[in-house]
Amino acid sequence: MAKLDLSDGNVTPHTLRHTAATCLMQLGTAPWEASGYLGMSVRVLIDTYGHHHPDYMKEASGAITRKRETTKRVVGTPETTKPAIRTRSIRAI
């Protein structure tokens with residue numbers, strides 16, 4: 001059981017809402033479902049509590065730790081292989 005200090009307004013409904021939002025994100029709850037439960041927009045939920053979600057920075061951390069494609073080049077042959085890192089134009093995003 002949580003031992004909360006209920007004296008002098010130390011625990012308010014806002015405190016409990018903040019805790020609920022953090023827990024829902026840590027548990028991987030879908031943002032639209034959590035925001036509906038908490039009565040806030042998805043945007044506010046993501047902007048304020050999104051960093052607690054297990055998928056936060058998942059793509060970036062996967063990209064930085066993934067082994068890069070490498071190509072071996074035989075000395076004396078022309079370099080006609082693809083670059084080791086594939087890039088996307090920012091305009092395509």
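The notes below deal with the structure included here. (Residues numbered from 1 in each chain as written. Predicted model: local features only at pLDDT ≥ 70, side-chain atom pairs only at ≥ 80, totals over all residues. Heavy atoms only, no water.)

**Topic: the overall build of the protein**
Item 1. Summing up its helical and strand segments, the protein has four helices and zero strands in all.
Item 2. Order of helices (α) and strands (β) in the protein, N terminus to C terminus: α-α-α-α.
Item 3. Evaluated residue by residue, the protein yields a buried proportion of 14% over its 93 residues.
Item 4. A sequence separation of at least 24 residues applies to 32% of the contacts in the protein between residues at least 6 apart.
Item 5. Carbon together with sulfur atoms contributes 58% to the accessible area of the protein, which is approximately 8,400 Å² in total. (Helix = DSSP H or I, 4+ residues; strand = E, 2+ residues; numbered from the N terminus. Buried < 20%, exposed > 50% of the residue type's maximum accessible area, 1.4 Å probe, protein only. Contact = heavy atoms within 4.5 Å. Areas by Shrake-Rupley, 256 points an atom, 1.4 Å probe, with all protein chains shown as cover.)

**What to know about a nonpolar patch on the surface**
Item 1. A cluster of nonpolar residues, Leu4, Leu6 and Leu16, forms a patch on the protein surface that exposes about 330 Å² of accessible area.
Item 2. Mapping Leu16 onto the fold places it in helix 1 (residues 13-26).
Item 3. Judged by its relative accessible area of 47%, Leu16 is partly exposed. (Patch = residues over 30% accessible without salt bridge, like charges linked within 9 Å, V, L, I, M, F, W, Y side chains within 5 Å. Salt bridge = Lys/Arg side-chain N within 4 Å of Asp/Glu carboxyl O.)

**Some remarks on the packing of helix 1 against helix 2 (residues 31-38)**
Any two packed helices are characterised by how steeply their axes cross, that is the angle between the axes, and by the distance between the axes.
Item 1. One can describe the packing of helix 1 onto helix 2 by two numbers: an axis separation of 10 Å at closest approach and a directional angle of 165 degrees. On the basis of the axis angle, helix 1 is roughly antiparallel to helix 2. The crossing of helix 1 and helix 2 is right-handed. Contacts from Arg17, Ala20, Ala21, Leu24 and Met25 in helix 1 reach Pro31, Ala34, Tyr37 and Leu38 in helix 2.
Item 2. Of the residues that constitute the contact of helix 1 with helix 2, the class distribution is eight nonpolar, no polar and one charged. (Axes fitted to C-alpha atoms, helices over the stretch in contact; angles between N-to-C directions. Parallel < 35°, antiparallel > 145°, perpendicular 65-115°, else oblique. Left-handed = near helix turned anticlockwise from the far one by under 90°. Nonpolar A, V, L, I, M, F, W, Y, C, P; charged D, E, K, R; others polar.)

**Details of the environment of Asp5**
Item 1. If you trace the backbone, Asp5 turns up in the segment before helix 1.
Item 2. With relative accessibility at 44%, the residue Asp5 sits in the partly exposed group.
Item 3. Residue contacts for Asp5: discarding those within four places in its chain leaves Asn10 and Val11.

**Brief notes about the environment of His51**
Item 1. Within the secondary structure layout, His51 lies in the loop between helix 3 (42-49) and helix 4 (58-65).
Item 2. Distance in space between the C-alpha atoms of His51 and Thr22 is 9.2 Å, their sequence separation being 29 residues.

**Re the packing of helix 2 against helix 3**
Item 1. Close contact between helix 2 and helix 3 brings their axes to 9 Å; oriented N to C, the two are set at 105 degrees. One element, helix 2, and the other, helix 3, form an angle in the roughly perpendicular class. Across the interface between the two elements, Pro31, Trp32, Ala34, Ser35 and Leu38 from helix 2 touch Val42, Leu45 and Ile46 from helix 3.

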